[in-house]
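Chain by chain, the residues run as shown.
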Amino acid sequence: MYTKYLVAVLNFSMLVRAVVAYECTPCDLRTCLQKPPHTCDYGRTLAKDPCGCCDHCSRLEWEPCGGPDWTLGYCGLGLTCAAVNSTTTVALPEMGICKVFPDSPEAGVEDERCPLLSGCNRAGGQCFCDTRHACISTFTYPNMEACSRATRTENGRHNREHRERHKFVGPANPACMFSGCNLTAEGCVCESQSCSHHFTYINRSQCQAAAEELKCAGITCPSLPVLECPEDSALSKSYTPPAGCCPSVLPVCTCDFRTCQKPECPGRQQQVLLRAAEGVPGDCCDIYECQRVSPKCVHNGKEFSDGEVYRMDPCWLCQCRGGISFCSKAECAELDCESFYIPEGECCPVCIDVELLSEDSAEASCWVNNKLRRHEEQWKEDDCTFCQCVDGDAHCTAMACKQSCQNPVKIPGSAAPSARVRH
């Protein structure tokens, strides 16, 4: 049994080290799967993989992501590359699925795994610049100079529009208003405001779709499996490599965390986790219950539960009730003695007569400087005075020091002064 447990622990630790130690392949040893795109369609945005090597169009919801060196892509803003069968993010080199994590609405705006990006945005006519780790740039301008230049240009444009608002300004040639794309041997070639209307496709997306069909003409791909997913899950999308014709990653059922609902608890009740989900279809959502949870009391950084009793100091005893500390001061009994002292950590004094005798002898103790000294106990009053308790009486001896020089100097911690040496 112990051997099996040890093997399991070693396997888990090796897995953890493999995940933590994963590093991207150096860019000079990699080949990007496609040429850097100039624009992205269908709601995608231009992104750089977290390795900092290849540019691609971001992945949409339910599309595959991650993989070795992020070859399957990086998710768009607001999406997280989640593990297929877990409630956590993907651990490379595993494949993940782009999902919405309700608790991470700004996913992708900043990601420590990504390269460092700098840029500027304008708000209220002013430029604001920042630097952050991100794979998708949310900056409008690359630097302050470009942002300031755009601000001046826009202000000038507004002034011209104000002066010429009644003047019609049209194209230099009204006939040159055609735009579209043609498919050539080098790919899709698109133009805008062209004087020619001989375009086969109205936009780049339509042209690229036609190019894919021509490239894969005559190739029959296997039929995709038809899966029925549980209510808490969704069917992911397949993935076809840029140079391929058939999907290399097939659809799978994976958790849709937006279906998970937490109960709305009335006042004085809180959400309490009863069972954590495994993150697999059919078991995607944590189970919560509303329970009455009494607030805790805090004293000196320590929390105390409802009903718990604690000391605020040696004289004050407190009890936590509904998040409020109810405290009362100790009432000390009146002593019928002349000599008394307060034991360390206690609040009330006790008579010295009660503690005069040692536990293991009949000799009396000594009360010196508000401190109880046991019989035969020795102590140092100062650098030159040594004392000992003898049956209730303190016997002290002062050390006499001889001076062998004209200018003696007192050394801290020493009873006798020493001579000052002149140079």
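Residues numbered from 1 in each chain as written. Predicted model: local features only at pLDDT ≥ 70, side-chain atom pairs only at ≥ 80, totals over all residues. Heavy atoms only, no water.

A.B. asks: Would you explain the overall build of the chain in this entry?
C.D. replies: Helix and strand content of the chain: four helices and 27 strands. Sequence separation of at least 24 residues holds for 37% of the intrachain contacts in the chain that already meet a minimum separation of 6. Just so you have it, the chain exposes about 28,800 Å², and 52% of that area is on carbon and sulfur atoms. (Helix = DSSP H or I, 4+ residues; strand = E, 2+ residues; numbered from the N terminus. Contact = heavy atoms within 4.5 Å. Areas by Shrake-Rupley, 256 points an atom, 1.4 Å probe, with all protein chains shown as cover.)

A.B. asks: What is the right way to read the state of the cysteines from this model?
C.D. replies: Covalent bonding between the sulfur atoms of two cysteines defines a disulfide. For the structure shown, the criterion picks out 22 disulfides. In this model C24 forms its disulfide with C51; the gap between the sulfur atoms is 2.1 Å. An S-S torsion of about -70° defines the bridge between C24 and C51 as left-handed. Pair noted here: C24 is in the loop between α1 (2-20) and β1 (46-48) and C51 is in the loop between β1 and β2 (55-57), with a separation of 27 residues, a long-range link. In this structure C24 comes out as partly exposed when scored by relative accessible area, which is 32%. Put simply, C318 and C327 are joined by a disulfide, and their sulfur atoms are 2.0 Å apart. Taking the torsion about the sulfur-sulfur bond, which here is approximately 105°, the covalent link between C318 and C327 counts as right-handed. Take C327: its relative accessible area is 30%, and that puts it in the partly exposed class. (Disulfide = S-S within 2.5 Å. Buried < 20%, exposed > 50% of the residue type's maximum accessible area, 1.4 Å probe, protein only.)

A.B. asks: So what exactly am I meant to see when it comes to the sheet that holds strand β24 (residues 385-390) here?
C.D. replies: Strand pairing in a sheet takes place through backbone hydrogen bonds and is either antiparallel or parallel in direction. In space, the three strands of this open sheet follow the order β23-β24-β25, with antiparallel pairing throughout. If you trace the sheet from one side to the other, it starts and ends with β23 (378-380) and β25 (393-398), each paired once. The mean angle between the axes of side-by-side strands here comes to 25°, regardless of whether they run parallel or antiparallel. Bridge count between β23 and β24: three bridges; the pairing is antiparallel. Counted as the bridge partner of K380 is F386 from β24. (Pairing = 2+ DSSP bridges. Axes fitted to C-alpha atoms, helices over the stretch in contact; angles between N-to-C directions.)

A.B. asks: What am I meant to see in the layout of surface pockets here?
C.D. replies: Here the idea is plain: a probe the size of a water molecule rolls over the atoms and shows the empty space left. The calculated volume of the second largest pocket comes to roughly 360 Å³. Counted by class, the lining of the second largest pocket contains seven nonpolar, two polar and three charged residues. (1 Å grid on protein atoms, 1.4 Å probe; cavity = no way out; pocket = protein on both sides within 12 Å on 5 of 7 lines; lining within 4 Å. Points joined across faces, edges and corners; volume = space filled by probe spheres on them. Nonpolar A, V, L, I, M, F, W, Y, C, P; charged D, E, K, R; others polar.)

A.B. asks: Just to check I follow, could you spell out the environment of H198 for this structure?
C.D. replies: Structurally, H198 can be placed in the loop between β9 (187-194) and α3 (204-215). In this structure, the C-alpha to C-alpha distance between H198 and G180, residues 18 residues apart in sequence, is 8.4 Å.

A.B. asks: Could you clarify how one ought to interpret the packing of aromatic side chains in this entry?
C.D. replies: To describe a pair of aromatic rings, one takes the distance between the centres and the angle between the planes. One pass over the full model with this rule turns up three aromatic pairs. Seen from their ring centres, F101 and F257 are 5.3 Å apart, and the 85° between their planes marks the pair as edge-to-face. With F101 in the loop between β5 (95-99) and β6 (116-123) and F257 in the loop between β11 (253-255) and β12 (269-275), this residue pair connects regions lying 156 residues apart in the sequence. Here the two residues F101 and F257 agree in accessibility, since each one is buried. The ring of F326 is capped by R321, whose NZ or CZ atom sits 4.8 Å from the centre of that ring. (Phe/Tyr/Trp six-rings, centres within 6.5 Å; stacked < 30°, edge-to-face > 60°. Lys NZ or Arg CZ within 6 Å of the ring centre and 35° of its normal.)

A.B. asks: Looking at this structure, I do not really get the environment of D283. What am I missing?
C.D. replies: Turning to its location among the elements, D283 is positioned in the loop between β12 and β13 (287-292). In this structure the C-alpha to C-alpha distance between D283 and S86, which are 197 residues apart in sequence, comes to 9.8 Å. In this view, D283 contacts D232, R275, A277 and E278; residues no more than four positions away in its chain are not counted.

A.B. asks: In this structure, what is going on with the sheet that holds strand β4 (residues 80-83)? I would like to understand it.
C.D. replies: In spatial order, the strands read β3-β5-β4; together these three strands make up an open sheet with antiparallel pairing. Pairing within the sheet leaves two strands with one partner each, and these edge strands are β3 (64-66) and β4. On average, each strand axis in the sheet is inclined to that of its neighbour by 55°, with strand direction left out of account. Here four bridges tie β4 to β5, and the two strands are oriented antiparallel to one another. Each residue of the ladder has a partner; that of A82, found in β5, is I97.

A.B. asks: Please clarify how the confidence of the model for the chain should be interpreted in this entry.
C.D. replies: Residues shown with low pLDDT carry predicted positions that ought not to be read at fine detail. Taken as a whole, the chain shows an average pLDDT of 80; of its residues, 80% reach a score of 70 or greater. When the elements of the chain are averaged for pLDDT, α1 gives the smallest value, 39, and β11 the largest, 96. Low pLDDT (under 50) marks residues 1-20, which in the prediction has one contact with non-local residues, meaning those over four places away or in another chain. In the predicted structure, residues 354-359 sits below a pLDDT of 50 and forms 16 contacts with residues beyond four places in sequence or in another chain. (pLDDT = per-residue confidence, 0-100.)

A.B. asks: How should I be thinking about empty space enclosed by the protein in this particular structure?
C.D. replies: Going through the model one piece at a time under the given rule, you end up with one cavity of 30 Å³ or more. In this model, the largest cavity occupies a volume close to 140 Å³. L33, C54, H56, W70 and T71 are, among the 14 residues lining the largest cavity, the residues nearest its centre.

A.B. asks: Got a minute to help me understand α3 in this structure?
C.D. replies: Residue pairs three or four apart in sequence face the same way in an α-helix, which turns once every 3.6 residues. With twelve residues, α3 should reach 16 Å at 1.5 Å per residue; the first-to-last C-alpha distance of 16 Å fits that figure. Along α3, the positions that sit buried rather than exposed are S205, C207 and A210. Two to three positions downstream of the cap, the backbone nitrogen of Q206 sits 2.8 Å from a side-chain oxygen, assigning the N-cap of α3 to N203. (Expected span 1.5 Å × (residues − 1). Polar contact = N/O pair within 3.5 Å; in protein donor to acceptor, adjacent residues only side chain to side chain.)

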